[in-house]
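In case you want the letters, here they are:
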Amino acid sequence: MKKMLCVFISMIMLLSMVEVINASEELNRLNVKNTEFLINQYSPNKEIEYSIKENITLRSLIDEEECYTLYRLEPAGYAIFYNETNAFMEAVYEDVEWLHILEVNERFYYSGPGNYFYESDGKYHSVISGECLSIEDIEVLSRSEHMVREKSRSVIQQDASRVSPIELRSVVVQEDYFESLTEYAENVDGTCTVIAACILLGYYDVFVNDDFVLDNHRDGSGTNEEFHDYLCSRIYGSNTWGGIFIRDILEGVHVYLERNGLGNMLYSVYSSPSNANAKIKEYLNAGKPVMASMATVYSAPYNHTVVIYGMIYEYNNTSRPVTYYVQTGWHNTRLMSVSESWIYECGYIR
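The rules behind each value
- Residues numbered from 1 in each chain as written.
- Predicted model: local features only at pLDDT ≥ 70, side-chain atom pairs only at ≥ 80, totals over all residues.
- Heavy atoms only, no water.
- Helix = DSSP H or I, 4+ residues; strand = E, 2+ residues; numbered from the N terminus.
- Buried < 20%, exposed > 50% of the residue type's maximum accessible area, 1.4 Å probe, protein only.
- Contact = heavy atoms within 4.5 Å.
- Areas by Shrake-Rupley, 256 points an atom, 1.4 Å probe, with all protein chains shown as cover.
- Patch = residues over 30% accessible without salt bridge, like charges linked within 9 Å, V, L, I, M, F, W, Y side chains within 5 Å.
- Salt bridge = Lys/Arg side-chain N within 4 Å of Asp/Glu carboxyl O.
- Axes fitted to C-alpha atoms, helices over the stretch in contact; angles between N-to-C directions.
- Parallel < 35°, antiparallel > 145°, perpendicular 65-115°, else oblique.
- Left-handed = near helix turned anticlockwise from the far one by under 90°.
- Core = buried A, V, L, I, M, F, W, Y, C linked by side-chain atoms within 4.5 Å.
- Phe/Tyr/Trp six-rings, centres within 6.5 Å; stacked < 30°, edge-to-face > 60°.
- Lys NZ or Arg CZ within 6 Å of the ring centre and 35° of its normal.
- Nonpolar A, V, L, I, M, F, W, Y, C, P; charged D, E, K, R; others polar.
- pLDDT = per-residue confidence, 0-100.

**Student:** Help me understand the overall build of the protein, please; the structure alone is not making it clear to me.
**Tutor:** The secondary structure content of the protein amounts to seven helices and 16 strands. Out of the 350 residues in the protein, the part that is buried amounts to 51%. In the protein, the share of contacts with a sequence separation of at least 24, taken over all contacts with a separation of at least 6, comes to 61%. In the structure as shown, the protein presents an accessible area of about 17,000 Å², 51% of it carried by carbon and sulfur atoms.

**Student:** Honestly, a nonpolar patch on the surface in this entry has me stumped. Any pointers?
**Tutor:** Together, V206, F207 and V208 line one region of the surface with nonpolar side chains, adding up to about 240 Å² of accessible area. Relative to the helices and strands, F207 resides in helix α4 (residues 192–207). Judged by its relative accessible area of 35%, F207 is partly exposed.

**Student:** Could you clarify how one ought to interpret the packing of α4 against helix α5 (residues 225–236) in this entry?
**Tutor:** The description of two helices packed together rests on the angle between their axes and the distance between the axes. Running from N to C, α4 and α5 point in directions that differ by 120 degrees, and their axes come no closer than 10 Å. It follows that α4 is oblique to α5 by the angle criterion. The interaxial crossing formed by α4 with α5 has right-handed handedness. Every residue of α5 that contacts α4 at V194, I195, C198 and L201 is listed here: F227, H228, L231, C232, I235 and Y236.

**Student:** I would appreciate a short explanation of unusual backbone geometry in the present structure.
**Tutor:** Note: most peptide bonds trans; most residues except glycine with negative phi. A cis geometry characterises the amide bond from E74 onward to P75, with omega recorded as 10 degrees. Within the element layout of this structure, P75 appears in the loop between β2 (66–74) and β3 (78–82). Of note, N86 is a non-glycine position whose phi angle comes to about 55 degrees, a positive value. By the element assignment, N86 lies in the loop between β3 and β4 (87–92). Classification of N86 by relative accessible area gives partly exposed; the value is 26%. With phi around 45 degrees, Q174 is a residue other than glycine that occupies positive phi space. Here Q174 is to be found in the loop between β8 (168–172) and α3 (175–180).

**Student:** Teacher, can you tell me more about the environment of G310 here?
**Tutor:** Summarising the element assignment, G310 is placed in strand β13 (residues 304–314). Residue class for G310 comes out buried when judged on its relative accessible area of 0%. Taking the C-alpha atoms as reference points, G310 and N285, 25 residues apart in sequence, are found 8.9 Å from one another. Contact partners of G310, with chain neighbours within four places excluded, come to V171, V172, L284, T323, Y324 and Y325.

**Student:** For this particular structure, what's the right way to read the side chain of S268?
**Tutor:** When you line up the elements, S268 lands in strand β11 (residues 266–269). Classification of S268 as buried rests on a relative accessible area of 18%. Ignoring any residue separated from it by four or fewer positions in sequence, one finds S268 in contact with I246, R247, L250, E345, C346, G347 and Y348.

**Student:** Mind showing me how you'd approach the nonpolar core here?
**Tutor:** Nonpolar side chains in soluble globular proteins generally cluster together in the buried interior. Membership of the largest hydrophobic core comes to 94 residues, with the highest contact counts inside it found for Y78 and I308. For this core, the element with the highest residue contribution is α4, accounting for ten residues. Once you skip the residues sitting within four places of it in the chain, I308 turns out to touch I280, L284, P289, V290, A292, Y324, Y325, V326 and I343. One finds Y124, L133, I138 and L141 within the second-largest nonpolar core, a separate group that totals seven residues.

**Student:** Teacher, can you tell me more about the packing of aromatic side chains here?
**Tutor:** Aromatic ring pairs are defined here through the distance separating the ring centres and the angle between the ring planes. Under the defined criterion, the tally for this structure stands at 26 aromatic pairs. Arranged with centres 5.6 Å apart and planes meeting at 80 degrees, the rings of Y203 and Y204 form a pair that is edge-to-face. In terms of burial, Y203 and Y204 fall into one category: buried. The residue whose ring lies beneath R350 is Y267, and the NZ or CZ to ring-centre distance is 4.3 Å.

**Student:** Help me out: how do you make sense of the packing of α5 against helix α6 (residues 250–259) in this one?
**Tutor:** The interhelical angle for the contact between α5 and α6, taken along N-to-C directions, is 115 degrees, at an axis separation of 8 Å. You can see that α5 and α6 cross each other, and the crossing is right-handed. Two secondary-structure elements touch here, α5 through F227, Y230, L231, R234 and I235 and α6 through G252, V253, Y256 and R259. Looking at the contact of α5 with α6 residue by residue, the classes come out as six nonpolar, one polar and two charged.

**Student:** Help me out: how do you make sense of the pattern of salt bridges in this one?
**Tutor:** A side chain with one charge may pair with a side chain of the opposite charge, provided their charged atoms come close. Counted under the stated rule, the structure contains eight salt bridges. The residue E66 makes a salt bridge to R59 at a minimum N-O spacing of 3.4 Å. Because the salt bridges share partners, they merge into one network encompassing E64, R107 and E119.

**Student:** So what exactly am I meant to see when it comes to the confidence of the model for the protein here?
**Tutor:** Atomic detail in the predicted coordinates should be set aside for any region of low pLDDT. Of all residues in the protein, 83% have pLDDT values of 70 or greater, and the mean over the chain is 83. Overall, residues 15–24 carries pLDDT values under 50, and its contacts beyond four positions in sequence, including any with other chains, amount to zero contacts. Scored below 50 in pLDDT, residues 296–302 shows 26 contacts in the model against residues more than four places distant or in partner chains.

So, in structure tokens, the structure goes:
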């Protein structure tokens, strides 16, 4: 009798374990489906359905903890989420050259768009440039990352009391133009802010007034290397070309516009990230693209300026960060979807 009872109890325990495993597997399956749903919602390529191929853990520079997950996508690209809140950080929906590095290294770190690092011999190397981070670099990147993580936590706390369903809406400015644009200068000297200005001026030349760019500076629907070099000479003068804030190119761009006989000017907002994002949303809603700087207040290559041409947002939940569609100014990864949490300055033409 005792032996039969023991067998019976063992069977119950085994069945319970199977139920727990099945429940866990079902939960993981639902999490994957939910993440894939978000990835597809944030994609500018609505005609393509993306699925998760594999996931890779990314660490934080703040505490070495495994805080983020990079999902490699089929048919191409990747998306990064913050594990604690499942908050969307960024995504690229096309082939990315540097993803192959994930196959030959074990410890990867993330600190915002463009800030991907791997550890080797006790040093942090940029996946994109190969440069090593200094202690000062790590401190600056960590401060920016900390603010984004805190904002994500506060949003989740507000969402806990919300009962209305998610309603996503999007605004996109000349989607076909930006998603097919390939004519702009190569970013050789860290002049991403000037390249973004070239892209923005090129857009205004095509859709607003063809005096924004002279004919000899045009290349197809975009602009050429000569235009980039010309603007750089006006902006940097005798100084070395490199990373620069949007606010610091205003005078050079103003002189250029004035010489072209235009009354428009380039302005910037950098008093606070919230003010910068408010201006970006205002302009996108008015059907106008803007420049914006992502990540930390730090010079290239760890800080990057882009052109924002669209956004997707929760219409009935203004506390959740907007996701922007950006033209990166890079030629190997032209388009990204990026959380507004990483933006700290914008530039707009008026």
